[in-house]
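Per-entry structural report
The lines below spell out each chain.
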Amino acid sequence: MGLIRLIIFTAVAFGAGVLFERAGARERCDLAGGEWTRTTTGARVCASPVTGEFNG
């Protein structure tokens with residue numbers, strides 16, 4: 001029973017961490033003046049509205 005709780009807790013914590021990091025990345029992109037967009041592969045990136053290049 002303890003192992004199951006550990007696995008569930010770890011999965012929830014991992015999911016929350018991913019969502020938290022995505023929100024932070026979007027906020028940093030806005031502060032940098034970028035545009036939060038998707039690539040052709042579906043990845044979310046911060047692109048410069050001027051050049052269209054990805055800022056990482």
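Residues numbered from 1 in each chain as written. Predicted model: local features only at pLDDT ≥ 70, side-chain atom pairs only at ≥ 80, totals over all residues. Heavy atoms only, no water.

What about the overall build of the protein chain?
The criterion, for reference: For the purposes of this entry, the term helix denotes a DSSP run of H or I that reaches at least four residues, the term strand denotes a run of E that reaches at least two, and both are numbered from the N terminus. In this scheme, a residue with accessible area under 20% of its type's maximum is buried, one over 50% is exposed, and one in between is partly exposed, where area comes from a 1.4 Å probe on protein chains only. A contact between two residues is defined here by any heavy atoms of the two lying within 4.5 Å. Working definition of accessibility: Shrake-Rupley area with a 1.4 Å probe, residue cover restricted to the visible protein chains.
When its secondary structure is counted, the protein chain shows one helix and two strands. Ordered by position from N to C terminus, the α and β elements of the protein chain give α-β-β. Counting across all 56 residues of the protein chain, residues that qualify as buried make up 14%. In the protein chain, the share of contacts with a sequence separation of at least 24, taken over all contacts with a separation of at least 6, comes to 0%. Carbon together with sulfur atoms contributes 65% to the accessible area of the protein chain, which is approximately 4600 Å² in total.

Things to note about the state of the cysteines
In protein chemistry, a disulfide is the covalent bond that joins the sulfur atoms of two cysteines. The cut-off we apply is this: What counts as a disulfide here is a pair of cysteine sulfur atoms lying within 2.5 Å.
Tallied over the entire structure, the rule returns one disulfide. Each sulfur of the disulfide joining C29 and C46 lies 2.1 Å from the other. Disulfide C29-C46: the torsion about the S-S bond is 85°, which places it as right-handed. One end of the pair, C29, is in helix α1 (residues 2-31); the other, C46, is in strand β2 (residues 44-47), with 17 residues separating them in the sequence. Assessed through its relative accessible area of 2%, C29 is described here as buried. Assessed through its relative accessible area of 8%, C46 is described here as buried.

Digging into a nonpolar patch on the surface
The condition that has to hold: Patches draw on residues past 30% relative accessible area with no salt bridge. Two like charges within 9 Å are joined, as are two nonpolar side chains (Val, Leu, Ile, Met, Phe, Trp, Tyr) within 5 Å. Any Lys or Arg side-chain nitrogen located within 4 Å of an Asp or Glu carboxyl oxygen qualifies as a salt bridge.
Taken together, the side chains of M1, I4, I8 and V12 present a nonpolar region at the surface, about 450 Å² in accessible area. Looking at the secondary structure, you find I8 in helix α1. When its relative accessible area of 51% is taken as the criterion, I8 is described as exposed.

What about a positive patch on the surface?
What counts is decided by this rule: His is not counted, nor are the chain ends; Lys and Arg add positive charge and Asp and Glu add negative charge. Working definition for charges: the position is that of NZ of Lys, CZ of Arg, CG of Asp or CD of Glu.
Residues R22, R26, R38 and R44 make up a contiguous surface patch of positive charge. Mapped onto the elements of the fold, R26 is located in helix α1.

Some points on the pairing of strand β1 (residues 35-38)
Both faces of the sheet carry side chains from a regular strand, because those side chains alternate between them. For clarity, the threshold we go by: Here, strands pair whenever DSSP counts at least two bridges between them.
One ladder, built from four bridges, connects β1 with β2; its direction is antiparallel. Across the sheet, W36 pairs through a bridge with C46, a residue of β2. Here β1 folds back onto β2 in antiparallel fashion, the turn holding five residues, of which G42 has a positive phi close to 95°.

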